Structure formats: structure tokens, C-alpha cells
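Reading the structure
Each chain is listed here by its residues.
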Amino acid sequence: MKLFVPLCSSILLIGIFVPRAQSDSPPLQDVCPMAPQGEGKLFMNGFLCKHPSTILASDFKTLLLNHAGDLNNMFRSSVNMVTATEFPGLNTLGLSMARTDIAPSGVVLPHSHPRASEMMFVHGGSVVVGFFDTKGRLFQKTLGQGEVFIFPRGLVHYVMNYGFGRATTFSVLNSQNPGVIGITHAMFTTDSDVVEGLMARMLKFGDMGLSDNSTAGLPWAF
């Protein structure tokens, strides 16, 4: 009996700490079925690393976010996502970056990142941002230059230009390959009338000035 309590305590501590130390890394792709035994092909869930002797300081620098994207489209917005595919220095660090430019009355349609949370910094202009949790609650804010907002992993979110000039934001995402799932893609449609209707509802939604956590008048409720 004297050994019973210390033994139980040891087992409990092992159960608490060992799973954390041996937890799986988050996936870097949508699916990855196990290859049949004996299959000779090698497939990496990520990228091979350079030999340490060949690493250069230039591997950790990029100019991919230093210019605005093309806003001449029906959304009047541009999102430039930079992952380890384009920026070798990001490999194995669990990070990616994005630049978003939005013209007046432009929008970034509702979408989600299944493998990452997103921290957005407003570099210039004014935007309305928001996301929905799994209970349907809306978390929406108007942001100005220098302000930061976080979109939790996997939750649907959107961005709208709320000013009279171009808005620019920069984001950091905590995955080497965040993935993007768009609402229109999930609906299996690219019909322009549907997209234009969605954009109109979003812009009207931003003008409503709803308070935080409101769920009234969802912009994509047809």
C-alpha cells in the first residue's frame, strides 16, 4: 500500500507529459495516405533541406511582398501568399506570409485556412475584418493603420476595404502550408452572379456597423 500512491503518481505524470513530447506534427498537405509496403518512391510531407555548408544569408530574404498585387478584377483585391515553396528560408519553421491589397469597395471573400491561424497587420488604409466561430457567432472589427487582428485556425473569415483609398495588410500564418478553402469553391460554383451577390451583401454588412459578436444579417445568407 505504501508503494501504491507513489506508483500511481508516477503513472499519472507519465500520462500527462509523454503524449506532449511525442505528439504528431501538424500535416503540411490535405491528405497523405500511407504508401503500400515495398513501394520504392519517396514522397516528403514538406521539402528536403539544403546541406548546412551551402546555406546563405540570402536564403532568409525575400522581395515577394514589396509590391502591390493586381486589383483589376471583380473583387478589387489581391492576396499574395508566400510559403516555403516560394521562400526557401521558411522551410521547417512552420510559417508563411501574405500581402493583401484591396481597392475601395473591394473585398476578400470568406475563406478559411485549415492548417493555420492568421495574424493580420494593417499597413495602410482602413478595413473591416471578421470571422465566425463554430457556434455561428460573428467577431467583427474596423481596423486602421497599425492595428492587428487574429483569425483563428480553420474559421471562416473575410476582409473589406472600409476607406476611400487602397488598403494594404500583411499577415503571418503559423503553418508552412496553410491551405485555403473559399466559400465559393466549397459551393462548387464560380458563377459571377453568385459572387457579385455575395460581394454586395458583404459590403452592405460592413455598412451596417454591427456590434461585435452579432449574428444578425449574415452577408452570404441568400
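What you are looking at is a predicted structure, and each value in this text was computed from that prediction instead of being measured.

**Here we look at the overall build of the protein**
Within the protein, the regular secondary structure consists of three helices and 10 strands. Across the protein, helices and strands are ordered from the amino to the carboxyl terminus as α-β-β-β-β-β-β-β-β-β-β-α-α. Classification of the 222 residues of the protein by burial places 33% in the buried group. In the protein, the share of contacts with a sequence separation of at least 24, taken over all contacts with a separation of at least 6, comes to 73%. For the protein, the computed accessible surface area is about 14000 Å², with 62% contributed by carbon and sulfur atoms.

**Digging into the nonpolar core**
Counting residues in each nonpolar core, the largest one holds 13 residues, and the members touching the most others are Val-127, Val-129, Leu-143, Phe-149, Phe-151 and Val-159. Of all the secondary-structure elements, those providing two or more residues to this core are β4 (118-124), β5 (127-132) and β7 (148-151). In terms of residues, this core owes the most to one element, β5, which gives three residues. Sequence-distant contacts of Val-129, defined by excluding residues within four places in its chain, comprise Met-120, Phe-139, Gln-140, Lys-141, Leu-143, Phe-149, Phe-151, Tyr-158 and Val-159. Leu-109, Val-128, Leu-138 and Tyr-158 belong to the second-largest nonpolar core, a separate cluster that totals seven residues.

**Considerations on the packing of aromatic side chains**
Enumeration over the complete set of coordinates arrives at three aromatic pairs. On the basis of an interplanar angle of 15° and a centroid distance of 5.0 Å, the ring pair of Phe-131 and Phe-139 is categorised as stacked. When the centroid spacing of 6.0 Å and the interplanar angle of 50° are considered together, the rings of Phe-131 and Phe-149 count as tilted. Separated by 18 residues along the polypeptide, Phe-131 in strand β5 and Phe-149 in strand β7 bring together distant segments of the chain. For Phe-131, a relative accessible area of 10% puts it in the buried group. Since its relative accessible area comes to 12%, Phe-149 is described here as buried.

**Side note on the UniProt feature "binding site: Mn(2+)" (unreviewed entry) in the protein**
Here the UniProt-annotated "binding site: Mn(2+)" (unreviewed entry) positions come out as His-111, His-113, Glu-118 and His-157. Spatial clustering of the annotated residues is evident: they stretch over 47 residues in sequence, but the largest pairwise C-alpha distance comes to 11.9 Å. Along the polypeptide, His-113 turns up in the loop between β3 (107-112) and β4. Residue class for His-113 comes out buried when judged on its relative accessible area of 3%. Those residues within four positions of His-113 in sequence are excluded, and the remaining contacts are Met-81, Glu-118, Arg-153, Gly-154, His-157, Leu-173, Pro-178, Gly-179 and Val-180. Looking at where His-157 falls in the secondary structure, it is placed in strand β8 (residues 157-161). Discounting chain neighbours no more than four positions away, the residues touching His-157 are Leu-109, Pro-110, His-111, Ser-112, His-113, Glu-118, Gly-130, Phe-131 and Phe-151.

**A word on the side chain of Ser-171**
Within the secondary structure, Ser-171 sits in strand β9 (residues 167-173). The exposure class of Ser-171 is buried, given its relative accessible area of 3%. At 2.7 Å, the side chain of Ser-171 forms a polar contact with the side chain of Glu-118. If we skip the residues at most four places from it in the chain, Ser-171 touches Ser-96, Met-97, Ala-98, Glu-118, Met-119 and Met-120.

**As for the sheet that holds strand β10 (residues 181-182)**
Across the sheet, which stays open at both edges, the five strands sit in the order β6-β5-β8-β3-β10 with antiparallel pairing between neighbours. Looking at the sheet topology across the chains shown, the edges are occupied by β6 (138-143) and β10. The pairing of β5 with β6 spans six bridges and is classified as antiparallel. Within the sheet, the bridge partner assigned to Phe-131 lies in β6 and is Phe-139.

Calculation rules
Residues numbered from 1 in each chain as written. Predicted model: local features only at pLDDT ≥ 70, side-chain atom pairs only at ≥ 80, totals over all residues. Heavy atoms only, no water. Helix = DSSP H or I, 4+ residues; strand = E, 2+ residues; numbered from the N terminus. Buried < 20%, exposed > 50% of the residue type's maximum accessible area, 1.4 Å probe, protein only. Contact = heavy atoms within 4.5 Å. Areas by Shrake-Rupley, 256 points an atom, 1.4 Å probe, with all protein chains shown as cover. Core = buried A, V, L, I, M, F, W, Y, C linked by side-chain atoms within 4.5 Å. Phe/Tyr/Trp six-rings, centres within 6.5 Å; stacked < 30°, edge-to-face > 60°. UniProt positions renumbered as here; feature names shortened; annotations may be inferred. Polar contact = N/O pair within 3.5 Å; in protein donor to acceptor, adjacent residues only side chain to side chain. Pairing = 2+ DSSP bridges.

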